[in-house]
Amino acid sequence: MAAQGAVAARSGLRSALPLLAPAYLWLTVAIFLPLSAMVFFSFMTDLPLTGKPWAFTLGNYAAFFSQSLYLTLLLASLRLGLEVTLWCIVIGYPAAYVLAKVLKGRSREAIFLLVILPFWSNGLVRIFSWAMVLREGGILDTALNAVLPFKINIDLMYSYPAVIIGLVHSYVPYMVLTCYLTLQAIDDSLIEAGRSLGASRLQVLKRVIIPLSLPGLVAGAALIFVPVVGSFMEPRILGGRTGTFYGTVIEDQFVAVFNWPLGAALSFILLAVVLVILAVASPVLRRAA
Amino acid sequence: MAGVQVSNVSRSFGAHKALDDVSIDFADGGFYALLGPSGSGKTTLLRQIAGFDFPDSGRIAIGGESVERVPVEKRRIGMVFQNYALFPNMSVADNVAFGLSVRGEAKAVIATEVQRALDLVQLGKLGGRRPHQLSGGQRQRVALARAIVTKPRVLLLDEPLGALDKALRVDMQIELKRIQREIGITTIFVTHDQEEALTMSDRIGILRDGGLVQEGPPEEIYDRPRSEFAATFLGDANIFRGDATGNGIRLADGTAIAAGSGPTLVAGAKASCAVRPERIQIAMDAGATDGDANMLKGQVSKRIFAGNNSTYFVDRAGQTLKVIVQNTGADRLTEGQDVVLRWSPASTVLIAAS
Ligand SMILES: Nc1ncnc2c1ncn2[C@@H]1O[C@H](COP(=O)(O)OP(=O)(O)O)[C@@H](O)[C@H]1O
Ligand SMILES: [Mg+2]
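This structure is a prediction, so every number in the text was calculated from the model and none was measured.

Next up on the list: the nonpolar core. Across soluble globular proteins, nonpolar side chains show a tendency to be buried alongside one another. In this structure, V84 of chain A together with F26, L45, L156 and I188 of chain B are the most contacted members of the largest nonpolar core, which totals 68 residues. A total of 11 residues in this core trace back to one element, the largest contributor, which is helix α7 (residues 160-184) of chain A. In this structure, Y84, V92, L123 and V149 of chain B belong to the second largest nonpolar core, which totals 34 residues.

Now the structure itself:
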């Protein structure tokens, strides 16, 4: 029996190979090659493309440890990632719950479309729209002053909250989608069973729904946290001078200072830190789920 | 524990009347079956009693207390779902403990109560398992233990055995009945299986298109159905249609059929008579006639042998009648044979045309 199973699995693999090959080839070319080039760069004194002489060095990595600025910025970026992820949970989870368990038919489709619309709009357009809303004399300022009886000054532009708002808006659809998928898979009769046993809606949420949708929350958090820690567009445009983060420094190395080796080294340090965080978090989360 | 009174309850979904002025009195400690075809409103009625859904009009009382606007979590009911609805993220014991734990009972109390409930459903040793490690029958027992451990006032079951195979279903019927007797809880059991309703319940309510067709003990509904629907839905019945006479009906061909029970009808009104297949005697000739027996001539068109009995299909005047004969070792009739059918008026029920 077992041998037969193994044979079947092997022949299954062989017939699947032609199907898998294009995907792996693409992954190799599109990810592995540029990535290894970057690894290579990160150990160089200068870019070979510029024609200047170059040598191997560990200096780019050493730079991270020798200047406390990088560590400070990395911590700021991790905090940003954490805050944005938390806000995405606070906003996205209830939205996903309503979509999956409250709305039906037409209205569900309509709201769903609204939620994933940011996905389809251009990132820059999205960010500049926020700039128009948040700046002094902008849409939010004007609207609030039109409604409120007293005069207030709303100028969120070039501030930490503006960065958070922009990032949450960009990334909340991930949370809604992953949570929606796990919430939708929870049978409604589980909720009814909980209530028939005397549990309030809140108790059912805490003891049944959240534990069962934890995989979606975790997936959404990972999908949001990782790119937000390295983000640079929202911090730069919406944060202005306050928007200096680890991601913007990396971007500077590539587009402004042309110190690709340092930029690459900083990227790989970020990658390592994020991987360590995920590795530490995953067993904890698995036990909880 | 408590009885349940449903009075004039109606519930519509859009233009569709799922429940239409239903009134039933569920006695304290009784085992009640709600029987009806799919879409007849059984689940809707159960959900009104449970409190998952509120009626548009009418009154529901549990133990004399009006509850029609009380949400489910405050009604102190126990519910068993067709798909078990066990919490997959919890062990069997935690599933059973859920109701006590949300109520804030002490840990020690919960542990003993859970063990007692699991012992009652004969799953005492499986508390540590996860629901997905259990068989269908075991899951159903856990669902039952979970529903009764909180000592609810009423136990509601929506086709709880529908997902089980035949042999297991019969086991569970006996088991369920035993447990219900042991704790004496008022039980309302939804089913579309007439045999299940007949064998398990003290009383049956038959629903059709959101209305209560007939309600009473199984024997009463079986012996004295008040509509063609009740007669044919609960058990098998031969139906004759004609015009009411003083004590029965007259068929189109002039044959009179006498009925021993049923309503008093105006002579000439449209009416039917129902007779159960096992009440009819079948013979090759008229033999000795006792005066007032109903008698018809026909021809055997088909015989189905089922070991302990045989079913004969007898054609007469464009109608096929069904006769079930116990296997007593007497000669069997062959297909194509002319026969005489005979049954007493006491076995015949007069039914007013609906
Ligand atoms: N939530 C609902 N929305 C719309 N129609 C419903 C709803 N619940 C039940 N119905 C309708 O009410 C009728 C009775 O349903 P139900 O009580 O589930 O029948 P049963 O349990 O006897 O099969 C059906 O026609 C069904 O389509
Ligand atoms: Mg139903």
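Backbone geometry at F258 of chain A places phi at a positive 55°, although glycine is not the residue there. Relative to the helices and strands, F258 of chain A is located in the loop between α11 (246-255) and α12 (260-288). Taking relative accessible area as the criterion, F258 of chain A reaches 56% and is therefore assigned exposed. Positive phi, normally seen in glycine, also occurs at Q122 of chain B, with a value near 60°. As for its position among the elements, Q122 of chain B is in the loop between α3 (107-120) and α4 (136-148).

Here we take up the packing of helix α3 (residues 68-102) of chain A against α11 of chain A. All names here are of chain A. At a closest axis distance of 7 Å, the pairing of α3 and α11 adopts a crossing angle of 125°. Our classification of the angle between α3 and α11 gives oblique. Of the residues in α11, those touching α3 at Y70, L73, L74 and S77 are Y246, G247 and V249. Broken down by class, the residue content of the contact of α3 with α11 amounts to five nonpolar, two polar and no charged.

All names here are of chain B. Around ligand 1 sit F13, H16, A18, P37, S38, G39, S40, G41, K42, T43 and T44, and those are all the residues in its vicinity. Measuring from an oxygen atom of ligand 1, one finds a side-chain N or O atom of T43 at 2.6 Å. In this structure, T44 approaches ligand 1 through a side-chain N or O atom, which is 2.5 Å from an oxygen atom. Expressed as a share of its isolated accessible area of 560 Å², the protein-covered part of ligand 1 is 58%. Elements with a minimum of two residues in the shell around ligand 1: β2 (16-26) and α1 (42-50). A total of three residues in the shell around ligand 1 trace back to one element, the largest contributor, which is α1. Looking at side-chain class alone, the shell around ligand 1 contains three nonpolar, seven polar and one charged residues.

All names here are of chain B. Overall, mixed pairing links the six strands, which are arranged β6-β7-β8-β3-β9-β10 in an open sheet. Pairing within the sheet leaves two strands with one partner each, and these edge strands are β6 (77-80) and β10 (211-216). Strand after strand, the sheet turns through a mean of 15° between neighbouring axes, direction not considered. One ladder, built from four bridges, connects strand β3 (residues 31-35) with strand β9 (residues 203-208); its direction is parallel. Note on β9: the bridge partner recorded for A33 is I204. α1 contacts β3, β6, β7 (154-158), β8 (186-191) and β9 of the sheet and is inclined by roughly 150° relative to β7.

This paragraph deals with the interface of chain A and chain B. With 17 residues of chain A at the contact, the number on the chain B side is 22 residues. Buried surface at the junction of chain A and chain B, both sides included, amounts to about 1,700 Å², of which 61% is carbon and sulfur. Connecting chain A to chain B are two salt bridges. Of the charged contacts in the structure, one is a salt bridge between R195 of chain A and E73 of chain B, with a shortest N-O distance of 2.8 Å. Connecting chain A to chain B are seven residue pairs in polar contact (both at pLDDT 80 or more).

Let us look at the side chain of D141 of chain A. Residues and elements named next belong to chain A. Position of D141 relative to the elements: it lies in helix α6 (residues 139-147). As a buried residue without a salt bridge, D141 has its nearest oppositely charged side chain in K151, at a separation of 5.3 Å. Of the polar contacts made by the side chain of D141, one reaches the backbone nitrogen of G137; its length is 2.8 Å. Ignoring any residue separated from it by four or fewer positions in sequence, one finds D141 in contact with V133, R135, E136, I152, N153 and I154.

Criteria and cut-off values
- Residues numbered from 1 in each chain as written.
- Chains lettered and ligands numbered in written order.
- Predicted model: local features only at pLDDT ≥ 70, side-chain atom pairs only at ≥ 80, totals over all residues.
- Heavy atoms only, no water.
- Core = buried A, V, L, I, M, F, W, Y, C linked by side-chain atoms within 4.5 Å.
- Buried < 20%, exposed > 50% of the residue type's maximum accessible area, 1.4 Å probe, protein only.
- Helix = DSSP H or I, 4+ residues; strand = E, 2+ residues; numbered from the N terminus.
- Axes fitted to C-alpha atoms, helices over the stretch in contact; angles between N-to-C directions.
- Parallel < 35°, antiparallel > 145°, perpendicular 65-115°, else oblique.
- Contact = heavy atoms within 4.5 Å.
- Nonpolar A, V, L, I, M, F, W, Y, C, P; charged D, E, K, R; others polar.
- Near = heavy atom within 4 Å.
- Polar contact = N/O pair within 3.5 Å; in protein donor to acceptor, adjacent residues only side chain to side chain.
- Areas by Shrake-Rupley, 256 points an atom, 1.4 Å probe, with all protein chains shown as cover.
- Pairing = 2+ DSSP bridges.
- Buried area = accessible area lost by both parts, 1.4 Å probe.
- Salt bridge = Lys/Arg side-chain N within 4 Å of Asp/Glu carboxyl O.
- Lys, Arg positive; Asp, Glu negative; His and termini not counted.

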